[in-house]
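Chain by chain, the residues:
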Amino acid sequence: MSRPRKPKGRPISGWLILDKPVDFGSTEAVSKIKWLFKAQKCGHAGTLDPLASGMLPIALGDATKTVPYVMDGRKIYEFTVSWGEERATDDLEGDVTQSSEKRPNEQQIRDILPKYIGTISQVPPQFSAIKIAGERAYDLARDGEAVEIPSREVEVHRLTLLACPDANTAHFEVECGKGTYVRALARDFGRELGCYGHISGLRRTFVAPFAEETMVPLAKLTALEEIEDIDERLAALDALLIDTCEALSALPHLVVSDDQAHRLKMGNPILVRGRDAPVAESEAYATARGRLIAIGEIGQGEFRPKRVFG
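What counts, and where the lines are drawn
Residues numbered from 1 in each chain as written. Predicted model: local features only at pLDDT ≥ 70, side-chain atom pairs only at ≥ 80, totals over all residues. Heavy atoms only, no water. UniProt positions renumbered as here; feature names shortened; annotations may be inferred. Helix = DSSP H or I, 4+ residues; strand = E, 2+ residues; numbered from the N terminus. Buried < 20%, exposed > 50% of the residue type's maximum accessible area, 1.4 Å probe, protein only. Contact = heavy atoms within 4.5 Å. Polar contact = N/O pair within 3.5 Å; in protein donor to acceptor, adjacent residues only side chain to side chain. Salt bridge = Lys/Arg side-chain N within 4 Å of Asp/Glu carboxyl O. Core = buried A, V, L, I, M, F, W, Y, C linked by side-chain atoms within 4.5 Å.

- Taking an unreviewed UniProt entry as the reference, the protein is identified by name as tRNA pseudouridine synthase B belonging to Rhizobium viscosum.
- According to its UniProt record, the protein has this under Catalytic activity (unreviewed entry): "uridine(55) in tRNA = pseudouridine(55) in tRNA".
- Note on the protein: under the UniProt heading Function (unreviewed entry), the record states "Responsible for synthesis of pseudouridine from uracil-55 in the psi GC loop of transfer RNAs."

Here's what the structure looks like:
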């Protein structure tokens, strides 16, 4: 009987909030971070297009179990729309599919924005990761297939026109929920204004709950490769990680004893006592000595673990 393979890499856990540069793919970024940290596991919380820059939260080790809680969080983007052309990809990469000499003025742009705030119906771009009959839309689009992508409801919490530097471009900021395509916003703005438009600049500045100031530029990470001593290099990298618990800050928090932590790690429920103890929660997390132990639910005086951490 063969022995189970020992995982390669270090069992390190935490979040790295990468400031991804332009022309660097999200998958490529994850591979780079995994290699730099010599981590066993690594994954990101929400793809950022190669032409986009900014916040790409990357989970290492056990933090990958908390990725869904970050994926569901609010996001903030700053973006530039160039007027006069609609493109196949709704950004600079695609071929021009429609063009116009018409250009909107600032007031015309401001007048349409309220229609795009709140719960809105949006058709994702042809070049997107949406699945159509089991196939990714971008794969079908690259093969030249025109596919019907159904509209879906997305949430736009805030949409601001920041500047109109010239007749051809406008700068915006949007705070939105999961699944919102900023490229689709640019496309729809252009169609409604009768001038067409596409994204010519996109930067993500916030992914809840991580603030902009937590971002680490890729150049800062790669500069640490020059440290010859591997232990010293890894220590410098580890100092840039954010605790796994930060991804769960929106959930109720339970502090447990060492004995309770042991029970939870074995998959067993624990009693929840005390005047301030939560009565019922569909999701909460428990820590012991500042370390994440489990995510679970609270009900009938018990905390029942659904996912445990090493």
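**Description of the UniProt feature "active site" (unreviewed entry) in the protein**
So, point 1. Taken from the UniProt record, the annotation "active site" (unreviewed entry) applies to Asp-49.
So, point 2. If you trace the backbone, Asp-49 turns up in the loop between strand E2 (42-44) and strand E3 (53-60).
So, point 3. A residue is classified by how much of its surface remains accessible, and Asp-49, at 24% relative accessible area, is partly exposed.
So, point 4. Non-local contacts of Asp-49, meaning those with residues more than four positions away in its chain, are made with Lys-20 and Arg-183.

**Quick notes on the environment of Glu-192**
So, point 1. Mapped onto the elements of the fold, Glu-192 is located in helix H5 (residues 182-193).
So, point 2. C-alpha separation for the pair Glu-192 and Met-71, spaced 121 residues apart in sequence, amounts to 30 Å.
So, point 3. Filtering out sequence-adjacent residues up to four positions away, Glu-192 remains in contact with Ile-112, Lys-115 and Tyr-116.
So, point 4. A polar atom in the side chain of Glu-192 sits 2.7 Å from the side chain of Tyr-116.

**Things to note about the pattern of salt bridges**
So, point 1. In total, this model carries 19 salt bridges according to the counting rule given.
So, point 2. Between Asp-19 and Arg-203 there is a salt bridge, with the nearest N and O atoms lying 2.9 Å from each other. Within this pair, whereas Asp-19 is found in strand E1 (residues 14-20), its partner Arg-203 is found in strand E12 (residues 197-207), the two being separated by 184 residues in sequence.
So, point 3. Taking relative accessible area as the criterion, Asp-19 reaches 18% and is therefore assigned buried.

**Looking at the nonpolar core**
So, point 1. In this structure, Leu-60, Phe-79, Phe-172, Phe-189 and Leu-221 are the most contacted members of the largest nonpolar core, which totals 50 residues.
So, point 2. Look past the residues within four positions of Leu-221 in its chain and what remains in contact with it is Leu-16, Leu-18, Ile-33, Leu-36, Val-216, Leu-237 and Leu-240.
So, point 3. Counting 14 residues, the second-largest nonpolar core is a separate cluster that includes Leu-254, Ala-277, Ala-286 and Ile-293.

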